[in-house]
Structure formats: structure tokens, C-alpha cells
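Structural overview
Given next are the chains, with one letter for each unit.
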Amino acid sequence: MLSIPELIKKKRDGGRLTDEEIRLFIRVVTNRSIQDCQTGAMLMAIRLNGMDQAETRALTQEMMSSGEVMSWPEEWRGRLVDKHSTGGVGDKVSLVLAPMLAACGCKVPMISGRGLAHTGGTLDKLESIPGFKVEQPGAQVHRILASVGCCIVGQTEALVPADRVLYAMRDATSTVDSLPLITGSIISKKGAESLSSLVLDVKFGRAALYKDLCSAKQLAESLVSAGNDLGMRTGAVLSRMDVPIGRCVGNSLEVIEALETLKGNGPDDLLELLTTLGGMLLLMSGRVSSLSEGSTMVSETLTGGAALSKFRAMMEMQGVASEVARSLCSAGTDYHMFLRKAEHQIELKTPRDGTVLDIDGLTLAEVLHTLGAGRSKVGEPVNHSVGAELLVSPGQTVKRGDPWLRVHYEGPPLSPDQTSRLQNILTLADQEQTHVTQQSLVAEIILPQ
């Protein structure tokens, strides 16, 4: 067996690590018997030289096995499903998709994360609901799944501990964008959920980690391969991430939009993602025979109110008072009786007549981040009330002076620089260009073989 310095040298020089060598590396990372500088050196060697499919499979398997692996009742076999998104702006898909799938008879043990930099986090959004507890012991997760069919919780200390170490080290060593390290991090956590089927929403575009379809497809194929190698039926959707998803960005505002979607009032782009991802999971888990049948089945959970009932039940079992959950799920409710509303709102106006051509989601998220909606470091607090509502969408014709963006903020007024940056995220075409339409978010689908 090679020593740790010899393992680093082997990968540094472009060598291929054996399963046993990868097992040794993950073991010493997990028990903290390796020096931080050695961990960083190995991560950089992997970043520079990559890993083949067998190495990536071994890395993912060993990371998954570094801690607790969830177990479920035998009668749930084939029904355990989840999704993962590589991060975006206005992405409240998980909040709606989990109860939709539960209403279709699936079990969804969704382990989610927090926002960092310009991307939002599902846990932060849910914590804007008074009483909602994202940290749940394993026994309670079982009870919630048995009763409701879905829960959305944070990662426990016992789940994939190797990833906790490597994730923090990747950020410090500029190895975040390594394909095998991303694959190992994502798939090991989903593998530890003991899923039957997994769908990945791999985003590309201006506000995504990968800016073009080609590089995003490489990641999607790596994730799908690793997931299937672990025994999960795994597929992926490649979706555009330029314009914010839906109309709202920011924690409590996205919860409101998610609730409206569960009540049947969702925006078309969000519905497209929900029905595509949900339909794929129903197909992969054998509950339907085609993607179109699956998409129809998940759609009906919104129109019939079944998904809304599941979300209400999930809220109650995760700590929300029954009266609050009931009111939030009622028609015509005043959401801000329960969800914090920012002290100030300001509307920006269109500078001229035209047709909306583009809305820069990345810049919008970056400005909202400076206003307190996001965090720069793990553990920093966020202001749940800060956010923005888009009052227009691509393809819409506007007149000069029409309101197009409502910003929710606390504290001092927006600075001239912040106002200018926000105003510049809107791109207008001449009114003659009436063919501008909102592009489909889904660019490509990868189903397991």
C-alpha cells in the first residue's frame, strides 16, 4: 500500500488510483489523520489530471460509505425518489416537487442545502416559514415519510462525513469545479439516501456554474453514470439558467410563489421544470410507462389540490403550527401575516417602449445578495424578507414608465450603483420585434439506459 505522499505523487503525475488507494484516502480524510495540506494537494492533483469512470465510481462509493447509509422498509422499495439541482436563481422547484411526488405515491427523503454566493438554498427558504425545522432526527424522518410521503431536511453529521471535509477544502483550494469531485459530492449524498431513482437538474447559462450546454452535459453524463453505478436509476435534465425561474427571487417571496404554484397558479417556466422532472422520476420508478404520462400525473396533483395537502402535512410534521400551515395553504390568504415582509419596497420603471428581450438573473441575484438575501460564507445569516418580484417576462410588450421590478429590502435606500445595476439587467428590443418569446428551459433530457 502506498503512503499518502506517494498517493499524491501518483495522481500528480497522471497515474490512476486503485479502489484500495481511494479507500485509504477517504478513510484518512474522514478520521482526520491526514494533514490539510495533503488533502489540498490531492484535490489539486485530481482537479488537474481528472479521474476516469472507475476512479470516480470508487471515489463516490467510498464517500457514500464514510458514514451512515439510510435504510427503509422493504415495502417502500422502488418508490424512493429524489432530485438534485446544481443551483440557480429563483429555483423553488424542490418546495413544490417533493409534495407533488408524494401525492403520486412516492417516498421523497429530500436532503437539501443552503444558499451560497448568488444561488439560493432550499433550507433557507423553508426556514422563512415560522416554526419549520429542517434538522430532523432519523426516526422522525421515517415517521414523516410514513405519514406524509415527503420531507425536506438538512444533512446530518453522520451522513457522508468525508464530503463535509472535502467540500470545505475544495472551496479553499479552488478545486470546486473539478468534475469527479462534483460528481462524488452530489452522488455520494444521494446514494446515502438509499434511493431507487434520482433525477438531476443540471443548469447551464449566465447564472449557472457551467456557462454552456457542452460543459454542463459533461457533468450531467458523469452524474448519471455515477448514480447508475451505485444502483440508483439516474437521469438528468439540462436546463437553461439565464433568466430567473418564475417571478420571485428571495427566500420568503419564493415560498409564496411555491404556495401559489401548489394552489394551481404557477408560472409556465416553473411548471415546465416540475412536470419534466416529476414525469421522469415517475417513469424511472416504474409508476408510469411514458414521460408524457408521468408529466400529466404530476400536473394533476396541482389541479386537484393533492400536492398542496401534502405540503401542509409536511409543514406540520416539521414543526409548523397547524393554524399557520392551514392559513398558508388557504385560498386568498395574506401571506405576510406569517412570512416576514421587508420594511421597504421600490418599483423600477422601464426606460422606453419595447419588448422584453432578456432579464439578467445573475446580476439580480448578486445585487440581492448585497442587500442581505444571501451569504458569502457557510454559517452566515440571511435576511428572509429581502428579494425581488419580476413584473414582466421575456416577450412582453411594455411602455416607457411601466413598473418592471419590485425590490424588497431593509435598511438604507438602494445606492445609485445598486439601482443602476438592477436597471441594467433589463434588455428591451424595439417594439417591432414582436416575435420575442420566453425560451423553453429544458434543453435536453438524459434517461438511464
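For the structure given in this document, a descriptive report is provided here. Owing to the predicted nature of the structure, the values given are computational and were not obtained by experimental measurement.

Another point: the overall build of the chain. Counting secondary structure elements, the chain contains 17 helices and 13 strands. Since a compact globule built from 449 residues should have a radius of gyration of about 22 Å, the 22 Å found for the chain is in line with a globular shape. Principal-axis analysis of the C-alpha atoms places the extent of the chain at approximately 70 × 50 × 40 Å. Counting over 449 residues, the chain shows a buried share of 56%. Within the chain, residue pairs in contact and separated by at least 24 positions form 78% of the contacts whose partners lie at least 6 positions apart. Summed over all atoms, the accessible surface of the chain reaches about 17900 Å², with 50% contributed by carbon and sulfur. Charge separation in the chain, taken as the distance between the mean sites of 45 positive and 52 negative side-chain charges, equals 2 Å.

Attention now goes to the packing of helix 2 (residues 19-30) against helix 8 (residues 161-172). Between helix 2 and helix 8, the least distance of the axes is 8 Å, while the angle of their chain directions is 85°. Taken together, the axes of helix 2 and helix 8 are roughly perpendicular relative to one another. Side by side, helix 2 and helix 8 meet where F25, I26, V29 and T30 of the first sit next to P161, A162, V165 and L166 of the second. Split into classes, the residues belonging to the contact of helix 2 with helix 8 amount to 7 nonpolar, 1 polar and no charged.

In this section: unusual backbone geometry. Located in the positive-phi region is V160, a residue other than glycine, with phi close to 45°. By the element assignment, V160 lies in the loop between strand 3 (150-154) and helix 8. A relative accessible area of 0% means that V160 is categorised as buried. Even without being a glycine, S174 presents a positive backbone phi close to 55°. Its location among the elements puts S174 in the loop between helix 8 and helix 9 (179-191). S174 gets classed as exposed once you look at its relative accessible area, which sits at 60%.

In this model helix 3 (residues 36-49) runs 20 Å from its N-terminal to its C-terminal C-alpha over 14 residues, within 8% of the 20 Å that 1.5 Å per residue would give. Looking one or two residues beyond helix 3, the residue adopting positive phi is G50, at roughly 75°.

With that settled, the discussion passes to the pairing of strand 3. Along strand 3, 5 of the 5 residues are buried, which leaves the element largely enclosed by surrounding structure. A two-sided burial pattern is seen for strand 3, the buried positions comprising C150, I152 and G154 on one face and C151 and V153 on the other. Alignment of strand 2 (residues 108-112) against strand 3, held across 5 bridges, turns out to be parallel. Across the sheet, the residue bridging to V108 is C150, located in strand 3.

It is worth spelling out the pattern of salt bridges at this point. Per the stated rule, a full pass over the model turns up 28 salt bridges. Across the salt bridge formed by D13 and K9, the nearest N and O atoms sit 3.4 Å from each other. The closest approach of N and O atoms between D201 and K203, which form a salt bridge, is 2.8 Å. The residues D201 and K203 share a single accessibility class, namely buried.

Glancing now at the sheet that holds strand 9 (residues 387-390). Within a sheet, each strand pairs with its neighbour through backbone hydrogen bonds, oriented either parallel or antiparallel. Across the sheet, which stays open at both edges, the 4 strands sit in the order 6-9-11-7 with antiparallel pairing between neighbours. Both edges of this open sheet fall to strand 6 (248-249) and strand 7 (344-349), since each of them pairs with a single strand only. Pairing geometry for strand 6 and strand 9, over 2 bridges, is antiparallel. Each residue of the ladder has a partner; that of V249, found in strand 9, is A388.

Taking 1.5 Å as the rise per residue, helix 14 (residues 306-317) with 12 residues should run 16 Å; its terminal C-alpha atoms sit 17 Å apart, in good agreement. Against helix 5 (93-103), helix 6 (122-126), strand 3, helix 11 (251-262), helix 13 (291-303) and helix 15 (322-328) lie the buried residues of helix 14.

Take the sheet that holds strand 8 (residues 354-359) next. Across the sheet, 3 strands lie side by side as 10-8-12; this open sheet has antiparallel pairing. This sheet does not close on itself; its edge strands, each paired only once, are strand 10 (397-398) and strand 12 (426-429). In the sheet, strand 8 pairs with strand 10 via 2 bridges, with the strands oriented antiparallel. In the sheet register, G354 faces strand 10, and the bridge partner there is V398.

Turning our eyes to something else, we now look at the side chain of S295. With respect to the helices, strands and loops of the structure, S295 is situated in helix 13. Contact partners of S295, with chain neighbours within four places excluded, come to T275, T276 and G279.

The rules behind these values
Residues numbered from 1 in each chain as written. Predicted model: local features only at pLDDT ≥ 70, side-chain atom pairs only at ≥ 80, totals over all residues. Heavy atoms only, no water. Helix = DSSP H or I, 4+ residues; strand = E, 2+ residues; numbered from the N terminus. Rg over C-alpha atoms; globule rule 2.2 N^0.38 Å. Buried < 20%, exposed > 50% of the residue type's maximum accessible area, 1.4 Å probe, protein only. Contact = heavy atoms within 4.5 Å. Areas by Shrake-Rupley, 256 points an atom, 1.4 Å probe, with all protein chains shown as cover. Lys, Arg positive; Asp, Glu negative; His and termini not counted. Charge placed at Lys NZ, Arg CZ, Asp CG, Glu CD. Axes fitted to C-alpha atoms, helices over the stretch in contact; angles between N-to-C directions. Parallel < 35°, antiparallel > 145°, perpendicular 65-115°, else oblique. Nonpolar A, V, L, I, M, F, W, Y, C, P; charged D, E, K, R; others polar. Expected span 1.5 Å × (residues − 1). Pairing = 2+ DSSP bridges. Salt bridge = Lys/Arg side-chain N within 4 Å of Asp/Glu carboxyl O.

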